[in-house]
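# A structural walkthrough
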Amino acid sequence: MIIDALKFCGLLYRASKLVIGDTAKEKLKKGKTKLLILANDISQNSLEEINSLNHHNVKTISFANKIELGNAVGKSNVVVMAILDIKANEALLNKINNK
């Protein structure tokens, strides 16, 4: 369920296992990201910037728009999220795949 996945993202954010925005881009560049979450409505320029930072070929998924991603972590709009923990990565993918 997408709602469960969004709630789980909020939990991961509060547990510091998920970062957003510029911090997510920095972790992606350093190779510390296990899973990258992009908003469905990401701009082309932002997408190109993210792709240029993804040197480690981190898996990228997209399942919600920037408002929904932002609401999940208590922010207004979030375009990019990065999961930093492998177990959290697996758990989120299970939630998304069990629609």
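Before reading on, note that the structure itself is shown above.
Presented here is a report on the structure given in the accompanying data block. (Residues numbered from 1 in each chain as written. Predicted model: local features only at pLDDT ≥ 70, side-chain atom pairs only at ≥ 80, totals over all residues. Heavy atoms only, no water.)

## What to know about the nonpolar core
The biggest cluster of nonpolar side chains holds 23 residues, and the ones touching the most others in it are Leu-18, Ile-37, Phe-63, Leu-69, Met-81, Ile-83 and Leu-92. Those elements that place two or more of their residues in this core are helix H1 (2-14), strand S1 (18-20), strand S2 (35-38), helix H4 (66-72), strand S4 (80-83) and helix H5 (86-97). If sequence neighbours within four positions are ignored, Met-81 has contacts with Cys-9, Leu-18, Val-19, Ile-20, Ala-24, Leu-35, Leu-36, Ile-37, Leu-69 and Val-73. In this structure, Ala-24, Val-58, Val-80 and Ala-82 belong to the second largest nonpolar core, which totals 11 residues. (Core = buried A, V, L, I, M, F, W, Y, C linked by side-chain atoms within 4.5 Å. Buried < 20%, exposed > 50% of the residue type's maximum accessible area, 1.4 Å probe, protein only. Helix = DSSP H or I, 4+ residues; strand = E, 2+ residues; numbered from the N terminus. Contact = heavy atoms within 4.5 Å.)

## Overview of the pairing of S2
Judged by which residues are buried, S2 turns out to be covered on both faces: Leu-35 and Ile-37 on one side and Leu-36 and Leu-38 on the other are all buried. One crossover worth recording links S2 to the parallel strand S3 (residues 60-61) by way of helix H3 (residues 44-53), and it is right-handed. (Right-handed = clockwise from strand over helix to strand, strands pointing away.)

## Quick notes on the packing of helix H2 (residues 21-30) against H3
The relative placement of two packed helices comes down to the angle between their axes together with the axis-to-axis distance. At their nearest, the axes of H2 and H3 sit 8 Å apart, and the two run at 30 degrees to each other. Taking contact as the criterion, the partners of Lys-25, Leu-28 and Lys-29 in H2 are, on H3, Glu-49, Ile-50 and Leu-53. In terms of residue class, the contact of H2 with H3 is made up of 3 nonpolar, no polar and 3 charged. (Axes fitted to C-alpha atoms, helices over the stretch in contact; angles between N-to-C directions. Nonpolar A, V, L, I, M, F, W, Y, C, P; charged D, E, K, R; others polar.)

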